[in-house]
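So the chains spell out like this:
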Amino acid sequence: MMSNGWIDLNGQVAVVTGAASGIGRAACVALATAGAKVVALDLDLQGAQAVATAVNGAAHGLDVTNAAEWHVVAEWIQTEFGRLDILVNSAGIALKDTVGDVDLSNHHKTFAINVEGTLLGMQVALRFMRPQGKGAIINLSSTASLKGNPNMASYGASKAAVAHFTRSAALENVRAGHDIRINSVHPGLIETAMAGEFYGILEKIGSPDALRTMMTTGRPGRPEEVADLILYLASDRASFISGASIVIDRAASA
Ligand SMILES: NC(=O)c1ccc[n+]([C@@H]2O[C@H](COP(=O)([O-])OP(=O)(O)OC[C@H]3O[C@@H](n4cnc5c(N)ncnc54)[C@H](O)[C@@H]3O)[C@@H](O)[C@H]2O)c1
């Protein structure tokens, strides 16, 4: 693929989880347009394959919560591409729960995918990036991490954990002298399959505050708008940005 001129990722391998849908899919397209070889990972293998075909990349099935599957994928990436330069952790779920009435199985599932999946991904990526001496990791958090979420308590807490792991990982690598940048992106409402879940939850519980907040933005965001931020953070244009939590929500949380 051609680079877009301003950002050139030719020769780099970019791995995206949750690649079959929404923000992950848009990130695959953006990274490939800038010249990266894209590796699309998802539970939904068919969806990942469709994206990979569209961007002339490769796909593999992966449950991000499963360390053994991550190991298999890492070996495959080593054999097929011999390197890993960029990781976008976009796989995630959003379930409804409250602190007072918490459903522990929802909570465990949310943390397993959103937090542990992100952590396992970072561990695999760092094993490639440290010997390479360079790399960029972008973790999908959310504006839900910034304030209380009475109706999606576990989701908000999981995304706060993602942001915190991001900062710790960024510091750990900078202090060890690695040029590996790790940032979290915090979207507001973005029009994807997950947004449909959000709308459904808000409608069911009649949450006027949350709906009002969304209305102030005028419109939901597009996955491509988040993908452009991910692309920037993945590139050398963002060479002094690491450990940052970057909000992208058209002032919804301002
Ligand atoms: N859409 C929004 O409004 C919004 C807002 C803030 C943050 N986010 C975050 O952005 C990320 C992407 O969200 P989206 O809206 O594109 O969601 P989406 O539902 O469109 O896509 C999520 C993808 O993750 C995959 N996935 C789910 N569980 C998985 C697992 N265990 N292993 C591998 N893949 C798995 C799904 O198959 C799906 O393809 C998520 O982490 C989400 O929390 C989304």
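Computed from a prediction, not measured in an experiment: that's the story for all the values here. (Residues numbered from 1 in each chain as written. Predicted model: local features only at pLDDT ≥ 70, side-chain atom pairs only at ≥ 80, totals over all residues. Heavy atoms only, no water.)

*Asks:* Is there a simple way to explain the environment of Arg181 in this structure?
*Replies:* Mapped onto the elements, Arg181 comes out in strand β6 (residues 179-187). Along the chain, Arg181 and Ile93 lie 88 residues apart, while their C-alpha atoms are 25 Å from each other. Dropping the residues within four chain positions of it, Arg181 is found in contact with Gly135, Ala136, Ile137, Leu233, Ala234, Ser235, Ala238, Ser239, Ile241 and Ser242. A polar atom in the side chain of Arg181 sits 3.0 Å from the backbone oxygen of Ala238. (Helix = DSSP H or I, 4+ residues; strand = E, 2+ residues; numbered from the N terminus. Contact = heavy atoms within 4.5 Å. Polar contact = N/O pair within 3.5 Å; in protein donor to acceptor, adjacent residues only side chain to side chain.)

*Asks:* I'm lost on the site of the ligand in this one. Help?
*Replies:* In the neighbourhood of the ligand, 27 residues make up the surrounding shell, with Ser21, Ile23, Asp42, Tyr155 and Thr192 lying closest. In the model, an oxygen atom of the ligand is placed 2.6 Å from a nitrogen or oxygen of the Tyr155 side chain. Here an oxygen atom of the ligand and a side-chain polar atom of Lys159 are 2.8 Å apart. Burial of the ligand by the surrounding chains reaches 92%, relative to a free accessible area of 830 Å². Only α1 (22-33), α5 (153-175) and α6 (193-205) provide two or more residues apiece to the shell around the ligand. Tallying contributions element by element places α6 first for the shell around the ligand, with 3 residues. (Near = heavy atom within 4 Å. Areas by Shrake-Rupley, 256 points an atom, 1.4 Å probe, with all protein chains shown as cover.)

*Asks:* Quick question: what am I supposed to make of the nonpolar core here?
*Replies:* General note: in soluble globular proteins, nonpolar side chains tend to be found buried as a group. Counting 35 residues, the largest nonpolar core has Leu9, Leu31, Ile86, Val88, Ile138, Val185 and Ile230 as the members making the most contacts within it. When residues of this core are traced back to their parent elements, those giving at least two are β1 (13-17), α1, β2 (37-42), α2 (45-54), β4 (86-89), β5 (134-140) and α8 (223-234). If you look at the next biggest cluster of nonpolar residues, it comprises 28 residues, including Trp70, Ala74, Met122 and Ile137. (Core = buried A, V, L, I, M, F, W, Y, C linked by side-chain atoms within 4.5 Å. Buried < 20%, exposed > 50% of the residue type's maximum accessible area, 1.4 Å probe, protein only.)

*Asks:* Help me out: how do you make sense of the side chain of Ser158 in this one?
*Replies:* Relative to the helices and strands, Ser158 is located in helix α5. Residue contacts for Ser158: discarding those within four places in its chain leaves Thr110, Phe111, Asn114 and Val115.

*Asks:* Mind showing me how you'd approach unusual backbone geometry here?
*Replies:* One can expect most non-glycine residues to show negative phi and most peptide bonds to be in trans. Phi angles above zero are rare outside glycine, and Asn56 is one such case at about 60°. Along the chain, Asn56 falls in the loop between α2 and β3 (58-61). Residue Ala251 is not a glycine yet carries a positive backbone phi of 70°.

*Asks:* How should I be thinking about the packing of α1 against α8 in this particular structure?
*Replies:* The description of two helices packed together rests on the angle between their axes and the distance between the axes. Direction vectors running N to C along α1 and α8 enclose 55°, while the axes themselves pass 8 Å from each other. Accordingly, the angle class assigned to the pair α1 and α8 is oblique. Considering the relative orientation of α1 and α8, their crossing is right-handed. Residues Gly22, Ile23, Ala26, Ala27, Ala30 and Leu31 of α1 touch α8, and the partners they reach there are Pro223, Glu224, Val226, Ala227, Ile230, Leu231 and Ala234. Its residues assigned to classes, the contact of α1 with α8 comprises 11 nonpolar, 1 polar and 1 charged. (Axes fitted to C-alpha atoms, helices over the stretch in contact; angles between N-to-C directions. Parallel < 35°, antiparallel > 145°, perpendicular 65-115°, else oblique. Left-handed = near helix turned anticlockwise from the far one by under 90°. Nonpolar A, V, L, I, M, F, W, Y, C, P; charged D, E, K, R; others polar.)

*Asks:* Quick question: what am I supposed to make of the sheet that holds β5 here?
*Replies:* Pairing between the strands of a sheet comes from backbone hydrogen bonds, and it takes one of two forms, parallel or antiparallel. The parallel open sheet is built from 7 strands, whose spatial order is β3-β2-β1-β4-β5-β6-β7. Strands at the two margins of the open sheet, each flanked by one partner only, are β3 and β7 (245-248). Across the sheet, the mean angle from the axis of one strand to that of its neighbour is 20°, orientation sign disregarded. Where β1 meets β2, 5 bridges bridge the pair, whose relative direction is parallel. Opposite Val16, over in β2, you have Ala40 as the bridge partner. Sheet contacts for helix α3 (residues 67-80): β1, β2 and β3; angle to β3, the most-contacted strand, approximately 160°. Each of β5, β6 and β7 touches α5; the most contacted strand, β6, lies at about 165° to it. (Pairing = 2+ DSSP bridges.)

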